[in-house]
Amino acid sequence: MDVDTRLVRYFATVAEEGSLTRAAQRLFVSQPALTKQIRRLETQLGVRLFARSRSGMSLTAAGLALAERAPALLVTCDEALRETKSAASGAARVLRIGFLASAANEATQAIITAFGGIRPGWRVEMRQAAWSDPSAGLSDGEVDAALLRLPFPGQDALRVEVLLTEPRWVALPAGHPLAAREEIAFRELWDEPFVAAPAETGAWRDYWLATEERAGHPPRIGATTDQPDAWLQAIANGYGVALAPASAARFYSRPGVCYRPVTGVGPSRVGIAWPPAADTNPVVQDFVRCCREQVRSG
């Protein structure tokens, strides 16, 4: 019997979360689409995997049996795919690193240079992801490791090491009345429309809207984007403001947009993340060590 491993991955996430809603947010898919895929897997296997009720999703006996085996199956599959892709790169051995926006800021190039010094013949291939995929390809096994903004959905299933912390600022249209201020209290932004990540990113979107620091005041969404260029354009057009790491003022400076420090919100963290299966991969661990050493020395 041929079963798509993506269906097994979906099943394992629902089993872990015990909720279609939370699983859909973690997987970045709609709830109806996830329901359809779970039913497809049940049809292929010829068994019911979940007992559905108003209180959530509970595993049947068949579901429990699959839930016990699924994690090891997925780890084996991911390892096989990574080894296959590495072998396909031939002499030009490639380490695939996902990243969002500015990655590890100014330390990124130093990390790559240091890695090249201890791994001659290896090349780091940086793969930028849209904000609609806060794991930058890690959740689908498309990259070997990733430089990410924390927190991100699904990080509990990965190894994550914090590299640096920086304040969150606000990006404003240059003509905004608050743009003349040297510092802005976050409560002064509560009624402003915000440029936000896609809704399916769940906790990631909420973090950059600072929903936990609004004292219950709901955010207003002026525009939704998943790429830095579109994000900057929406702000410059006056569709909204947005929280951003302080380094965005250096990496994403453009006419029509200004950045100001914000009080009343916690800082942003950058981390290096990798799958548990890569704990024994010496190449990935060398890259992790380079990240740690170069950020600390910088």
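Above this text sits the structure in question.
Residues numbered from 1 in each chain as written. Predicted model: local features only at pLDDT ≥ 70, side-chain atom pairs only at ≥ 80, totals over all residues. Heavy atoms only, no water.

Visitor: Lay out the overall build of the protein with the relevant residues and their values.
Guide: Helix and strand content of the protein: nine helices and 13 strands. At 21 Å, the protein has a C-alpha radius of gyration in line with the 19 Å of a compact globule built from 298 residues. Along the first, second and third principal axes, the C-alpha set of the protein runs to 65 × 55 × 25 Å. For the protein, the residues scored as buried account for 47% of the 298 residues in total. Here the analysis covers contacts within the protein between residues at least 6 apart in sequence; of these, 73% occur between residues at least 24 apart. Taken as a whole, the protein presents about 14300 Å² of accessible surface, with 52% of it coming from carbon and sulfur. Between the averaged position of the 33 positive side-chain charges in the protein and that of its 32 negative side-chain charges there is a distance of 2 Å. (Helix = DSSP H or I, 4+ residues; strand = E, 2+ residues; numbered from the N terminus. Rg over C-alpha atoms; globule rule 2.2 N^0.38 Å. Buried < 20%, exposed > 50% of the residue type's maximum accessible area, 1.4 Å probe, protein only. Contact = heavy atoms within 4.5 Å. Areas by Shrake-Rupley, 256 points an atom, 1.4 Å probe, with all protein chains shown as cover. Lys, Arg positive; Asp, Glu negative; His and termini not counted. Charge placed at Lys NZ, Arg CZ, Asp CG, Glu CD.)

Visitor: Which residues make up empty space enclosed by the protein, and what values go with them?
Guide: Across all of its chains, the model carries one cavity of 30 Å³ or more by this definition. Each pocket or cavity is described by its volume, and for the largest cavity that value is around 330 Å³. Lining the largest cavity are 22 residues, and of these W131, W208, W231, L243 and P245 lie nearest its centre. Only strand 9 (193-196), helix 6 (203-209), helix 7 (228-236) and strand 11 (242-245) provide two or more residues apiece to the lining of the largest cavity. Taken together, the residues of the lining of the largest cavity break down into 17 nonpolar, three polar and two charged. (1 Å grid on protein atoms, 1.4 Å probe; cavity = no way out; pocket = protein on both sides within 12 Å on 5 of 7 lines; lining within 4 Å. Points joined across faces, edges and corners; volume = space filled by probe spheres on them. Nonpolar A, V, L, I, M, F, W, Y, C, P; charged D, E, K, R; others polar.)

Visitor: Which residues make up the packing of helix 5 (residues 107-118) against helix 9 (residues 282-297), and what are the values?
Guide: For the pair helix 5 and helix 9, interaxial distance at closest approach is 9 Å and the crossing angle is 135°. In terms of orientation, helix 5 lies oblique with respect to helix 9. Considering how the two elements wind past one another, helix 5 and helix 9 form a crossing that is right-handed. Counted together, A107, A110, I111, A114, F115 and I118 of helix 5 and V283, D286, F287, R289, C290, C291, Q294 and V295 of helix 9 form the full contact between these two elements. Per-class residue counts for the contact of helix 5 with helix 9 are 11 nonpolar, one polar and two charged. (Axes fitted to C-alpha atoms, helices over the stretch in contact; angles between N-to-C directions. Parallel < 35°, antiparallel > 145°, perpendicular 65-115°, else oblique. Left-handed = near helix turned anticlockwise from the far one by under 90°.)

Visitor: Tell me what's going on with the packing of helix 2 (residues 20-27) against helix 3 (residues 31-45), and back it up with residues and numbers.
Guide: One can describe the packing of helix 2 onto helix 3 by two numbers: an axis separation of 9 Å at closest approach and a directional angle of 100°. Here helix 2 is positioned roughly perpendicular relative to helix 3, judged by the angle of their axes. In this structure, helix 2 uses L20, T21, A23, A24 and L27 to contact helix 3, whose residues at the interface are Q31, L34 and T35. Split into classes, the residues belonging to the contact of helix 2 with helix 3 amount to five nonpolar, three polar and no charged.

Visitor: Provide a residue-level description of the pairing of strand 7 (residues 168-173), including the pertinent values.
Guide: When you tally the buried positions in strand 7, you get five out of six residues, the bulk of the element. Strand direction decides the pairing type here: strand 7 and strand 11, joined by four bridges, are antiparallel. By the bridge assignment for strand 11, A171 is matched with A242. Across five bridges, strand 7 lies against strand 12 (residues 257-263) in antiparallel orientation. Looking across to strand 12, one finds that L172 is bridged to C258. (Pairing = 2+ DSSP bridges.)

Visitor: Requested: an account of helix 5, with residues and values cited.
Guide: Its 12 residues give helix 5 an end-to-end C-alpha distance of 17 Å, which sits within 8% of 16 Å, the value for a rise of 1.5 Å per residue. Looking at the buried side of helix 5, the elements it contacts are strand 3 (93-99), strand 4 (122-128) and helix 9. (Expected span 1.5 Å × (residues − 1).)

Visitor: Describe unusual backbone geometry, listing the residues and the values that go with them.
Guide: Following L150, the chain continues into P151 via a peptide bond in cis, with omega recorded as -5°. Looking at where P151 falls in the secondary structure, it is placed in the loop between strand 5 (145-150) and strand 6 (159-166). Positive phi, close to 60°, is recorded for N105, a residue that is not glycine. Its place among the elements puts N105 in the loop between strand 3 and helix 5. Given a relative accessible area of 9%, N105 falls into the buried group.

Visitor: Could you give me a rundown of the sheet that holds strand 7, with the residues and numbers involved?
Guide: Taken in spatial order, the four strands of this open sheet run 8-12-7-11, and their pairing is mixed. The open sheet has two free edges, formed respectively by strand 8 (184-185) and strand 11, since each of these has just one partner strand. Where strand 8 lies against strand 12, two bridges are found, and the strand directions are parallel. Bridge pairing links A185 to T263 in strand 12. On top of the sheet, helix 7 reaches strand 7, strand 11 and strand 12; it is set at about 90° to strand 12, its chief contact.

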